[in-house]
Amino acid sequence: MPGSLESLDVGVQIPYHFRCPISLELMCDPVTVCTGQTYDRSSIESWVATGNTTCPVTRTPLTDFTMIPNHTLRRLIQDWCVSNHSFGVERIPTPRQPADPISVQNLLNQLSSSSSSFSVKVSALRRLRGLSHDSEKNRNLLAANNASQILLSLLFADIGSQPSEVHLESLAIVSLFALSETECFYVASDLDRVRYLVNLLFHSSTDVRVHSAAVIESVAAGIRSAELRGQISSVDGVFEGIIGILNYPLSYPRALKIGIKALFALCLVKQHRHLAVSAGAVESLIDRLPEFEKCDAERALATVELLCRIPSGCSAFSSHALTVPLLVKIIRKISDRATEYAAGALLSLCSASERAQSEAVAAGAMTQLLLLVQSDCTERAKRKAQMLLKLLRNSWPHDIIAITDDFAGSDVVPF
């Protein structure tokens, strides 16, 4: 890939002047600062964002933070990439220019103006949506101009009618932002607004459903009031809609990511976890667990542990033939945090069912747990592992018990 030497043929040497002085990687979007030095845009922006006010090369003060695209150098880099394609060098994509603050403000003014026609608002929203997708810098610019407040007012205007293009375009942009606590309260404090979002979970468009789930997750995770969070998770259909998104094909990875984030946020409300179980959360979690990336796998396992803490959830997971073998298999494979959650879920399941104990032993839990207590995992994970070892002792074959009795240096507490 561009900017990386890992995939390049060892015989390929990147010209010195094509490398960013900061990252020393091939530049993808070279820009020149006021000192005349050229850097990759992402590198110099990160340099400035961390509080640096001098030029990294010359150490002279940056009196002007304007970054001018170096089109000539970029074309030379692209030509070099094309000529070295046979060595595995990919052509760098044409960079998208950052949004112009004045243009963004004009677009937001069009949305706020009561005199703007429907078509003008739709056009402005589409342009803002494109800018929001382009980069995090553009999203930060929109956020600095209070775009979320304007978009939320458009999203929830006249919600008694069928969703219009203005509603859906506003929803798509809002789904890309992390809402402030005030904005979360604006949504969560009005059940009609929450129900409106839940209804959109069943829209004919897949994108609309995912966007709505993203906003629901943002609100549920960002609201401090336990009462309001409970109101969100109690709305009819919310768990069914979220789990439906979690079951989307793997070709839509954003749905999988947003689905598990939303389900976890809703399951933090203990009194409504049974609704998640009734909606099919157990089957979806077990079926999808091997597909999640690290951070999402941690959320999935945390959700499994939360649901195992209620009787209906524990029973449903115990009834699924893959639950215990899967938890045993991945208990040490993802991260320390995931290990804690997997061990906690197994502890709940094995405490409630002797069959789960036998399944855990048959799946190799003893080896995994003994290795776990000897590892550098967290103390909380070790405590859960020790409790599991004690709980599973009666299910172990006698020859294994003899081995564990002689397990020198073990941190397992005496039984």
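In this text, all values refer to a predicted model and were calculated from it rather than measured experimentally.

Scoring rules and cut-offs
- Residues numbered from 1 in each chain as written.
- Predicted model: local features only at pLDDT ≥ 70, side-chain atom pairs only at ≥ 80, totals over all residues.
- Heavy atoms only, no water.
- Helix = DSSP H or I, 4+ residues; strand = E, 2+ residues; numbered from the N terminus.
- Expected span 1.5 Å × (residues − 1).
- Buried < 20%, exposed > 50% of the residue type's maximum accessible area, 1.4 Å probe, protein only.
- Contact = heavy atoms within 4.5 Å.
- Phe/Tyr/Trp six-rings, centres within 6.5 Å; stacked < 30°, edge-to-face > 60°.
- Axes fitted to C-alpha atoms, helices over the stretch in contact; angles between N-to-C directions.
- Left-handed = near helix turned anticlockwise from the far one by under 90°.
- Nonpolar A, V, L, I, M, F, W, Y, C, P; charged D, E, K, R; others polar.
- Disulfide = S-S within 2.5 Å.
- Pairing = 2+ DSSP bridges.

K.L.:
Got a minute to help me understand helix 4 (residues 118-134) in this structure?
P.N.:
Taking 1.5 Å as the rise per residue, helix 4 with 17 residues should run 24 Å; its terminal C-alpha atoms sit 25 Å apart, in good agreement. Residues of helix 4 that are buried include every one of Lys121, Val122, Ala124, Leu125, Leu128, Leu131 and Ser132, and no others. On its buried side, helix 4 packs onto helix 3 (101-112), helix 5 (136-144), helix 6 (147-155) and helix 7 (165-174).

K.L.:
In this structure, what is going on with the packing of aromatic side chains? I would like to understand it.
P.N.:
Aromatic rings in a pair are described by how distant their centres are and how their planes are angled relative to each other. If you walk through the whole model with that rule in mind, you get four aromatic pairs. Plain terms: the ring middles of phenylalanine 156 and tyrosine 196 are 6.1 Å apart, the flat faces sit at 65° to each other, and that makes the pair edge-to-face. Residue phenylalanine 156 is located in the loop between helix 6 and helix 7, and its partner tyrosine 196 is located in helix 9 (residues 191-200); the two are separated by 40 residues in the primary sequence. Comparing phenylalanine 156 with tyrosine 196, the two get one shared label, buried.

K.L.:
Got a minute to help me understand unusual backbone geometry in this structure?
P.N.:
Excluding glycine, residues mostly carry a negative phi; peptide bonds, for their part, are mostly trans. For leucine 24, which is not a glycine, the phi torsion comes out positive at approximately 65°. Of note, asparagine 146 is a non-glycine position whose phi angle comes to about 60°, a positive value. The topology assignment puts asparagine 146 in the loop between helix 5 and helix 6.

K.L.:
How should the packing of helix 10 (residues 206-222) against helix 13 (residues 253-267) be read in this particular structure?
P.N.:
The relative placement of two packed helices is expressed as an angle between their axes plus a distance between the axes. Contact geometry of helix 10 with helix 13 gives a least axis separation of 9 Å together with a crossing angle of 35°. Note on packing geometry: the crossing formed by helix 10 with helix 13 is left-handed. Listed contacts from helix 13 to Val210, His211, Ala213, Ala214, Glu217, Ala220 and Ala221 of helix 10 are Arg254, Ala255, Ile258, Lys261, Ala262, Ala265 and Leu266. Of the residues belonging to the contact of helix 10 with helix 13, the class tally is ten nonpolar, one polar and three charged.

K.L.:
What exactly am I supposed to notice about the state of the cysteines here?
P.N.:
What we call a disulfide is simply a covalent bond connecting the sulfur atoms of a pair of cysteines. Tallied over the full model, the rule gives zero disulfides. No disulfide involves cysteine 267; its sulfur sits 11 Å from that of cysteine 308, the nearest cysteine.

K.L.:
It is not clear to me how the sheet that holds strand 3 (residues 68-69) should be interpreted in this structure. Could you clarify?
P.N.:
Hydrogen bonding along the main chain pairs the strands of a sheet, whether they run parallel or antiparallel. Pairing in this open sheet of three strands is antiparallel, and the strands run 2-1-3 from one edge to the other. Looking along the sheet, the strands with just one partner apiece sit at the ends: strand 2 (38-40) and strand 3. Where strand 1 (residues 30-32) lies against strand 2, three bridges are found, and the strand directions are antiparallel. Paired with valine 31 across the bridge in strand 2 is tyrosine 39. With respect to the sheet, helix 1 (residues 41-49) is in contact with strand 1, strand 2 and strand 3, its orientation differing from that of strand 2 by roughly 95°.

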